[in-house]
Amino acid sequence: MPHSDPRALRKALRSSSTYFAKGFEEYKDQAQRELQTTYKSRLVEQIRAQSYRYQRGDITIHLAKAFGFCWGVERALEYAYEARHRFPDRQIWITNEIIHNPLVNRHLQEMGIRFVEKSPDGKKDFSQIRPEDVVIWPAFGASVSEMEFFRSQGNEIVDTTCPWVSRVWNQVDKHRAAQFTSIIHGKYDHEETVATSSFAEKYLVVLNLEEAEWVARYILEGGDPEEFRRRFGKATSPNFDPDRDLERIGIANQTTMLEEETRAIAKLFEITMLRKYGPQELDKHFMSFNTICNATQERQDAMFELLERPLDVVVVIGGFNSSNTTHLQEIALSKGLPSYHIDGPDCIQPPNRIRHKPLHQDPIVTEGWLPDGPVQIGITSGASTPDRVVEEVILRIFALREQPQTPPQGSLPLGF
Ligand code: SF4
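Anyway, here's the lowdown on the structure attached to this text. All figures in this text were calculated on a predicted structure; none of them were measured in a lab. (Residues numbered from 1 in each chain as written. Predicted model: local features only at pLDDT ≥ 70, side-chain atom pairs only at ≥ 80, totals over all residues. Heavy atoms only, no water.)

Digging into the overall build of the chain
Now for step 1: Assigned secondary structure in the chain consists of 15 helices and 17 strands.
Now for step 2: Relative to the compact-globule value of 22 Å for 416 residues, the chain shows a C-alpha radius of gyration of 23 Å, a close match.
Now for step 3: With the C-alpha coordinates aligned to their principal axes, the bounding extent of the chain is approximately 65 × 55 × 40 Å.
Now for step 4: Put simply, the chain has 416 residues, and 55% of those count as buried.
Now for step 5: With the model as given, the accessible surface of the chain reaches about 18800 Å², and the carbon-plus-sulfur share is 48%. (Helix = DSSP H or I, 4+ residues; strand = E, 2+ residues; numbered from the N terminus. Rg over C-alpha atoms; globule rule 2.2 N^0.38 Å. Buried < 20%, exposed > 50% of the residue type's maximum accessible area, 1.4 Å probe, protein only. Areas by Shrake-Rupley, 256 points an atom, 1.4 Å probe, with all protein chains shown as cover.)

Below you can see the structure in the form of structure tokens.
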């Protein structure tokens, strides 16, 4: 059940001596040095300095002008590293992957930070977390019930929630205070959306414009509430009544959705409420505020720009469960280019093989993905991908041409 007043809960947390939301200043320099050494790449810096273009032999790499770690991810990682130094002898937990990147998560585990596991029914198992343990909330945030649980258990909490995510929560708070239903553009089971929806009294999560159009038709023309529940049962607050709970709506979003689509959905609902209630009454039935994170926006804009170059093939790097990476891949495919979403360098294998994840499918292996002869490759990466990974991918691609029959050292394929 939703907390009676999530805003009061957040306020209470902020004034608590066991809650840390600004990292630990005394370990900042040390953490930044470690992050620099672990995740930065000289090669990528060099390519940035060369107008995002780099040629070796007949392969030319074009990098997007904005890619990789966003500000929110760097901040979350920095806080996690600082927390390790601040609490050297304590068990530290993260309530989920701090970000969706396998390399980063492996490093954190090597630092002795443990990830909360999910039980087969998808619920998180907090039973092993003792009151004396330290708990990190990831960049996606934590749900209201998780906040209540750790606060009541007395854990020390290191909150790395990205301020862009909290900005959406503030918006949902406003919907709640005005007794509006929050319509959230996102994936109902994505960690960030689970947290965001927990702040709403009433909510409905729509995945895309198609779902939003279905809901808009329902608002204007009515429909069968049972069909609505069948369709959106998992994506609504408990006891959601589409005939009652869609009279006043506010728009919110998962920060990493396709920006264009979020805007289109907000516009669609604005027009819908305008048609239903008229301009005089619109404010009483509709609320919207732009909550798209600017890092997501920059990366998507840079992807569109990258695709204007004369590319033969695109490689999009990022965790397979990373929402913002998947959207970059969608943009590449929308332009009709062959595009491969990979999660790291091990996906590139000699002689000319790639393990990649087609949209909405499980990963597959494709042979002969790199065209013969001179080739122009566009590369971008999601907001949770370190530059070091981008460098390794680039080197693996060059190695396909330079040592066609010899696997690069230590390159046992992952999941082949
Ligand atoms: S993608 Fe945006 S919302 Fe997500 S962590 Fe980065 S800056 Fe924050």
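Some details on helix α9 (residues 209-221)
Now for step 1: Taking 1.5 Å as the rise per residue, α9 with 13 residues should run 18 Å; its terminal C-alpha atoms sit 18 Å apart, in good agreement.
Now for step 2: Buried within α9 are the following residues: A212, W214, V215, A216, Y218 and I219.
Now for step 3: Residues of α9 that are buried sit in contact with β9 (203-206), α10 (225-232), β10 (249-253) and α11 (259-277).
Now for step 4: Of the residues one or two after α9, G222 is the one with positive phi, at around 75°. (Expected span 1.5 Å × (residues − 1). Contact = heavy atoms within 4.5 Å.)

Describing the packing of aromatic side chains
Now for step 1: Applying the stated criterion across every chain, the model contains 17 aromatic pairs.
Now for step 2: Site record: aromatic cluster; members linked through ring pairs are W214, Y218, F228, F232 and F240.
Now for step 3: Over the aromatic face of F289 sits the side chain of K174, whose NZ or CZ is 5.9 Å from the ring centroid. (Phe/Tyr/Trp six-rings, centres within 6.5 Å; stacked < 30°, edge-to-face > 60°. Lys NZ or Arg CZ within 6 Å of the ring centre and 35° of its normal.)

Quick notes on the side chain of E259
Now for step 1: Structurally, E259 is set in helix α11.
Now for step 2: With residues near it in sequence (within four places) discarded, E259 still touches I292, Q297, Q300 and D301.

As for the packing of helix α13 (residues 294-306) against helix α14 (residues 323-334)
Now for step 1: Contact pair α13 / α14: the axes reach a minimum separation of 10 Å and the direction vectors enclose 25°. With respect to their mutual orientation, α13 and α14 come out roughly parallel. Helix-helix and strand crossings are classified by hand; for α13 and α14 the assignment is right-handed. Packed against α13, whose contacting residues are R299, Q300, M303 and F304, the element α14 presents H327, L328, I331 and A332 at the interface.
Now for step 2: Split into classes, the residues belonging to the contact of α13 with α14 amount to 5 nonpolar, 2 polar and 1 charged. (Axes fitted to C-alpha atoms, helices over the stretch in contact; angles between N-to-C directions. Parallel < 35°, antiparallel > 145°, perpendicular 65-115°, else oblique. Left-handed = near helix turned anticlockwise from the far one by under 90°. Nonpolar A, V, L, I, M, F, W, Y, C, P; charged D, E, K, R; others polar.)

Examining the site of the ligand
Now for step 1: Around the ligand, the neighbouring residues are C70, G72, V73, C162, W164, T255, T256, C293, A295 and T296.
Now for step 2: Mapped onto the shell around the ligand, the elements with two or more residues apiece are α4 (71-86) and α13.
Now for step 3: Broken down by class, the residue content of the shell around the ligand amounts to 6 nonpolar, 4 polar and no charged. (Near = heavy atom within 4 Å.)

Some points on the sheet that holds strand β8 (residues 181-185)
Now for step 1: Reading across from one edge, β9-β8-β10-β11 is the order of the 4 strands in this open sheet, with parallel pairing throughout. In this open sheet, the two strands that pair with only one neighbour each are β9 and β11 (286-287).
Now for step 2: As judged from the 4 bridges shared by β8 and β9, these two strands associate in the parallel manner. When the sheet's bridge partners are listed, S182 is paired in β9 with Y203. (Pairing = 2+ DSSP bridges.)

Side note on the pairing of β9
Moving residue by residue along a regular strand, the side chains alternate between the two faces of the sheet.
Now for step 1: The two faces of β9 match: Y203 and V205 on one face and L204 and V206 on the other face are all buried.
Now for step 2: The parallel pair β8 and β9 is bridged by helix α8 (residues 191-198), and the resulting crossover is right-handed. (Right-handed = clockwise from strand over helix to strand, strands pointing away.)

Topic: the pattern of salt bridges
Now for step 1: For the structure shown, the criterion picks out 24 salt bridges.
Now for step 2: Between R56 and E402 there is a salt bridge, and its shortest N-O distance comes to 3.5 Å. Here the residue R56 occupies a position in strand β2 (residues 53-56), and E402 occupies one in helix α15 (residues 387-402), the gap between them amounting to 346 residues.
Now for step 3: E402 sits in the partly exposed class, given a relative accessible area of 46%.
Now for step 4: A salt bridge links R396 to D346; its shortest N-O distance comes to 3.1 Å. Here R396 is found in helix α15, whereas its partner D346 is found in the loop between β13 (339-342) and β14 (348-349), with 50 residues between them in sequence.
Now for step 5: In the salt-bridge network here, residues are joined through shared partners; they are R7, R10 and D173. (Salt bridge = Lys/Arg side-chain N within 4 Å of Asp/Glu carboxyl O.)

With respect to the pairing of β10
Now for step 1: Buried residues dominate β10, accounting for 5 of its 5 residues.
Now for step 2: The alternating pattern of β10 places I249, I251 and N253 on one face and G250 and A252 on the opposite face, and all of these are buried.
Now for step 3: Here β8 runs beside β10; their pairing, made up of 5 bridges, is parallel. Along β10, the bridge assignment pairs S182 with G250.
Now for step 4: Pairing of β10 with β11 involves 2 bridges; the strand directions are parallel. Directly across from I249, in β11, lies its bridge partner F286.

Keep in mind these values describe shape, not function.
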